[in-house]
Each structure stands twice: as structure tokens, then as C-alpha cells.
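Inside the fold
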Amino acid sequence: MRDVRREPPRVSALLGPTNTGKTHRAIQRMLAWPTGMIGLPLRLLAREVYERVVEQRGPDVVALVTGEEKRIPEEPRYWVCTVEAMPLDLKVFFVAVDEIQLAGDRHRGHTFTDRLMNCRGTGETMFLGAMTIAPLLTRLLGDVEIDTAERLSKLSWGGVHKLASVPGRSAVVAFSAEKVYEAAERLRAVHGGAAVVLGALSPRTRNAQVEMYQAGEVKHLVATDAIGMGLNMDLAHVAFTDVRKFDGRGFRDLTAAEVAQIAGRAGRYRTDGTFGTLKSLGGLPAHLVEAVEQHRFPPLRRLFWRNPNLDFRNPDALLHSLSEPPPRSFLAQAFGEDDQRALEALLHRDAIRDRVRRPDALQRLWEVCRIPDYRKTRTGSHAELLSRIATHLLDDGEVPDDFVSERIGRLDRTDGDIETLMSRISWVRTWTYVAWQRGWTSDAAHWQEVTRGVEDRLSDALHERLTARFVDRRVAWVLRGADVQSEVAVNDGDVTLGGIAVGQVVGWTFRPDGGGLPKVVASAVRNRMRTDVLKQLRALMEASDGAITLHADATLGFDGVVLGQLSAGRGVLEPKVVTRRADLLEAEERERVRVRLQRWRDRWVERLFSDLDRAHDMALSPAAKGLVYAVRSSLGTVPRAEVSDNLEALTKADRRALARLDVRLGTHSVYVASLLAPAAQRVRGALWCLAHGVKPLPEPPHDGAPSVEVAGQPAGLLEAMGMRVLGSRAVRADVVERLAADVRKRARQGRPAPVVDPMKWLATDAQGVVSVVRGLGFSAVLIPDGRLQVRKRRR
């Protein structure tokens, strides 16, 4: 730390273009003194510098003072302020004022001129700004020491671009909210979106938007000339949509220095930057490009001034003192400022003028008039609000809590569009300003906390609205080079990219969201998902048939994916394979899937008749071969009457061979015994249903039940599964033969017999047995003692 007792007060100016490190050098100079204060042109920049100083010295010794916010610890040593909010009665060793060329600004210049003339540190005063103020600064201050700072990087002309071809890490600058929105929406369509920076944004919203850009979530920033001061970002290029702006009075061309101030945001530290225009504007004049590149601009010809020594004896005296002419020829009178216009408007109201007959009351009115019109409406609504606040302060000494609460309560809503939220934030800033004025409310700390909370909620909502409107995070994920391979996820068919819904996957087809998906995103997601699909395809080709599942709706699935389905084909044993749409596969790959599923179908049918097909290797007679064919065509069971001719022609050798094939020659049916097992019945039922268009595909009788109720089931399906419909029940073919033999025996004996055995064979009750026996063509009656009387039915 320097020895403050030995160095005389020093007044210096560090002048130069953007990206010269002027503000950084001033901060370091301030921190070398025991105490200091720095005035900055924007609330946003003041917050940024405050955070930087806190990082180096801690929050206990650093104060932040703006019109709307004050963070003052018990023993502050360093003060970071907006220029308008600098406490001029504060004695510190070091004082710095940034962007002093703004003394030439029509609206704010008088405040900067006042700080140049009247704000000093007891040890050192340092002014920062552009070289354009150097001649007038010397004339104004006389003995000021002027140092120059060279730009740390090169700024050069980058040419004309279409908006779609503006390079990444660029800022597109427009001079109205409408044009900012238009450019941001076009960038969203082409590049996935843009961060948005407007002067009306709160620091919280602006920081959230800038952080989104800095983090690479978007590659472009669209802003007004609000980025011209203090917003330090990694910009490589600045593209102008126009070089004309509305300055509150009318439209005018930007000066070369103003173009340079904005263009100079391109390039950070030692990294070079470029500036250019959009094709809709065309190129810039050669002399303007040269001036920006060489940082050579005409010097300021005047600085704006307003009398800082106001006379509060009476209203006329105050108005006269505000209009007092400047003391130097190069100082211009600041007319028509918001506070002065508000004062004039309120003094025209008799109710107000009658209340300010005393100097202290008039001074309080002037303090109220200095509440900024954050909405920039220039309408009577601002004056009306000031009148209400002034009346309360002059009559009651403070603004009533219920009045403040009611006004703030109107604003504490996060619904509405971007413009609505920005308007509410502007209103809240007014009440934040009121809350921070000493003695204006009964509980200042409470209202400061309330307004901060409302502004934070509105700011977060505004950031969400801006992001939702101007950023397609799906496109941004892809264009910023994110690892799409790791960020695409599928959950129950829903596909997300970085947690953002992009569509659904059905089988091996990707279906983008109904609202449409930009081609670049759809392509990236498809490429990512195709990687998984190709893995599954390879697994399908190598998998056993058991890995392919036939579902009840006749679809064929593998590894949780529906690949196709079976439907009616040329015959009951040849169901047709229909593959599902699979856009994630090429045509040749889809054909491989079809062939694989057909191979599965063929083997599925072959496995059913694997025993029966051994007949091809046996020496069978034509009658036996015909019998085998009939059984196979009937899915394993054929009524005896349909093959009676074949049965009569069988030889003993045929019968022995058929027995080895597990073919049973019953009195009612010829059937393959092994095809009556539940697994085989399932396949047989599925083949019949596929041939007849019946869904869902059936399950076999539960636990291999020997008989089931017929009600509600197609007779053809039951017979296809090896059952015979007899009365109210369908009975498995082997059980039919056993029961028929027993019934014939009972009929020959002619006497009642217990019904227990038939009930066990059929797994039904006595009435079910009666129905089945009658279905076999016999007369059956249960006598009172529970026995069954069976007789041959008379023809």
C-alpha cells in the first residue's frame, strides 16, 4: 500500500479506445489506496466491478451504491457506484470516473461534467474515457495529466454477411427492441437461437442471458447499443443491422466514435476482433471503417453542464438556478432533462406548489423529481406517480406502507409476455429507488427486501420467456458441438436431447415432435439413434430364434422393439411376414430384417412339426403319406371320417411307422400326441388366428386343461388346438378317445355307473360330463343317486 502522506493530490486521465484495460487499471490503482471510490456509467457495470472488488477484498469493506441498490457494510473502504449515485460528500483517498466522454451526451452529460469539475480524491483522482474528450478536458481542468492507452488487440473490418452466415461468437446489434427480436428469431431458426441484451433488462436477467452465451449454449448475441459499455464478453465479431438510432428526439446517424464504442466489444485482451454489417444494411463508408480501425475520431466540441448549486428559496428561484448559463464557452446548457421536466410539470399543479413554500419542502420535491423514468414513456403517468409520492412525503413525512404495498403487489406477477415483464421490472425499479431513499418509508429495509424479491422473480421469468422465444435448445445442443451421442436419451419411447423433448421412437423409426424439428437436429438425433439401431440389428442377426417374441397382437419383437408382424398368408402354415417401418435403417438393412423374420417364421412352423416331418425319411405307402399330409395341414389333428380311406389302406408297417411319429389313430380323430402339449397348442392356435384374422392370439387351455367351456370361443380355433367340440365343452383329442371308450362300455353294460372318473378326465362337473357324452351321440342322464346312465341313442 502506498504511503499516502508523501504524495500530493494528483489528477490524471487515462484515455484510449475499448479493450485497453483502463477500468482494470483504475481498480488496481484504487485498491492500492486505503480508501477509494469509482463511478461507472451503468448499473450493470457497477455490479460487475463490485463483484470483482469483493473477490479481491471481501464484502465487509466494499460498498455498492446505485440509484436502485445500496450494499453498504458497517466500515466500507471502497465504494463502487453509478456516476449519478456517487456520494459527493464522501472523503476518500482515490476517486475514479469511467467513460468521461459521456460528458458530451445530451441527456447524461451534465452529471459527468459535474464529476469532472467537482469530484476529487484526497490523494488521487483518475478519469477514464475516449481520446475524443482530451482537448476539452485540458481546457476544463487545466493541469490534468493525460496518459494514453493502446488497444490490446486489433479491430478490423470483417465485411458484410447475411444473418445466416454471421460467424459464431458474434453480437448482432440493432437499435430497437423490435429489430432485436426479429434478428433473434431468425438466428433461432438458423443457428438454434441467441442470447438477448436490452437496456431495459435487469442485471439478473442480463447476467443470465450473457451466461447462456458465455457457456456456449448459444453462439450469438443480439443486443442494442447497451453492449457498448462495460459488458465484457468473449465476442469475436460485431455485426450492425443499422447505423441509425433514435436518441429521444429523432433518428440520427451514429458517430464514428459511437460505432467504434460498440464495435470495440469484439476481441478480448490479446485476441483480435472484427466488425461488419448485415447484407440488409450494406457496407460502411470507407472513411468510417478507417476511423474505427485506426481509432481516430473528431474531438468533442462541447460538454453539457447544469448548475449544481441549486437555489431552494422558492420554486421560481429553483427553476432559475436550473437554467443558469454555463461558465465556459465550450459548456452547453442541459435543457429538458427528465427531472427538470417533471419539476416544471408538478409546479404547475396548485396542490403541489402550495406545499413547497418552505426550502426544505421544495428540496424534497426536487428529490422526488429525480426518480428516474425507467419506462422511458415520457407520458403523464410518470408525473402522476411522482405527484402522489411527493404529496405523501410533504404531508405525512413518508410514503404509507399500504400505498407502497398496493403498488408493488400489482407487479408481483410472473405471467405475461416479454414486454409485460420488462414493463413490470421498470415499475419495480421505481419502487426500489424509493425504498433506498433515506426516510421515505417507515421500514426501508423491509421494502428493499420486498422489491429485490419481486425484481428477482420477474427477472427469472423474463429470462425464461426470452430463452423460450429465442433459443431452440435442441438446435443449440447440436450446433455448439455438444456430445449428442451421450445426450440423447430414450425413456418409454420418448426421445430427449439434453433433457429436451425432441420426439418419439417407435420400433426403429424416429418420429419428431408434432411441431416439427429443425433438420439439423433431426439429422443429429437420427445419426445418434442409428448407432444404437445398428447395434440391435447386429444382435438380431446373431441371436437365436428364442430371442424373437410373438406378441398377442401378432407383432414380432426383439429386445423391446417391434420389428414386424404376422398376418394371413397363402395358407395356414405360411403366415405372411410384414416388417414395420424402420426409417433409421437403410433399404438393404430393412431387407435383412425381413429375411431374418421370415427365417424365424419358417423355423417356428418347422419346430411344431419336427417329429411329423421325419416321415420324409421313412418308407411309407401313398396312403400313409396322404394321412401325414392331412394331419399336418390340419395343424396336428384331423377327424377320422376325413381320412377314412387312407386309414383303410394302411399297412402294418405304416401303422408302426406312424406310431414312431407319435401319430395316434383314434376312433374319432387322428392326431399327433405331442402336439397336444400347451406349447404346441399355443402355436397351433396362433397359426389358425393368423389365417383367419383373429386377434389377440390365444393362450392354450390353462395348465393343459383336458376340456374347456366353448362359450365365447370360435369352434375353429378350439379344433385347431386339438380340441373337439362336444356339447358345451371342447375336449382334447386324446381325452375324447379315452372318454368315448368308457362311454361305449357303459352303454353296452346298460346300467348306471359312477360319474367320478369322467369328471376327473374332463376336469368338469357332472353336468359337464352329461353335455359331453350327449355330444358323442349317446343318451346320458344323471339319476337321483348321482350315477350316470348311458344308452345308445336311437336313430
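Scroll up a little and you will see the structure.
Not measured: the values here are computed from a predicted model.

Observations concerning the packing of aromatic side chains
All chains considered together, the criterion is met by five aromatic pairs. With 5.5 Å between their ring centres and 25° between their planes, Tyr-181 and Phe-470 make a pair best called stacked. Of this pair, Tyr-181 sits in helix α5 (residues 177-191) while Phe-470 sits in helix α16 (residues 444-470), and the two are 289 residues apart along the sequence. For the pair formed by Tyr-181 and Phe-470, the shared burial category is buried. Over the face of the ring belonging to Tyr-213 we find Arg-169, whose NZ or CZ atom lies 3.9 Å from the ring centre. Geometry around Tyr-181 places Arg-469 over its ring, the cationic atom sitting 4.9 Å from the centre.

Some details on the packing of helix α7 (residues 256-263) against helix α8 (residues 286-294)
Running from amino to carboxyl end, α7 crosses α8 at an angle of 55°, the nearest separation of the two axes being 9 Å. The orientation of α7 with respect to α8, classified from their angle, is oblique. In this structure, α7 meets α8 at a crossing whose hand is right-handed. Counting all contacts with α7, which are made through Ala-256, Val-259, Ala-260 and Ala-263, the residues of α8 involved are Leu-288, Ala-291 and Val-292.

As for helix α10 (residues 338-347)
Buried residues of α10: Asp-339, Gln-340, Ala-342, Leu-343, Leu-346 and Leu-347, and no others. Burial along α10 is one-sided: seen end-on, the buried residues are contained in an arc of 160°. Its buried side turned inward, α10 meets α9 (315-322), α11 (350-353), α12 (359-369) and α13 (380-396).

Some points on the sheet that holds strand β31 (residues 723-726)
The sheet built from three strands is open, its strands ordered β30-β32-β31 with antiparallel pairing. Where the open sheet ends on each side, the last strands, each with one partner, are β30 (707-709) and β31. On average, adjacent strands in this sheet sit at an angle of 25° to one another, irrespective of strand direction. Here three bridges tie β30 to strand β32 (residues 729-732), and the two strands are oriented antiparallel to one another. Along β32, the bridge assignment pairs Val-708 with Ala-730.

What counts and what doesn't
Residues numbered from 1 in each chain as written. Predicted model: local features only at pLDDT ≥ 70, side-chain atom pairs only at ≥ 80, totals over all residues. Heavy atoms only, no water. Phe/Tyr/Trp six-rings, centres within 6.5 Å; stacked < 30°, edge-to-face > 60°. Helix = DSSP H or I, 4+ residues; strand = E, 2+ residues; numbered from the N terminus. Buried < 20%, exposed > 50% of the residue type's maximum accessible area, 1.4 Å probe, protein only. Lys NZ or Arg CZ within 6 Å of the ring centre and 35° of its normal. Axes fitted to C-alpha atoms, helices over the stretch in contact; angles between N-to-C directions. Parallel < 35°, antiparallel > 145°, perpendicular 65-115°, else oblique. Left-handed = near helix turned anticlockwise from the far one by under 90°. Contact = heavy atoms within 4.5 Å. Arc of directions from axis to C-beta. Pairing = 2+ DSSP bridges.

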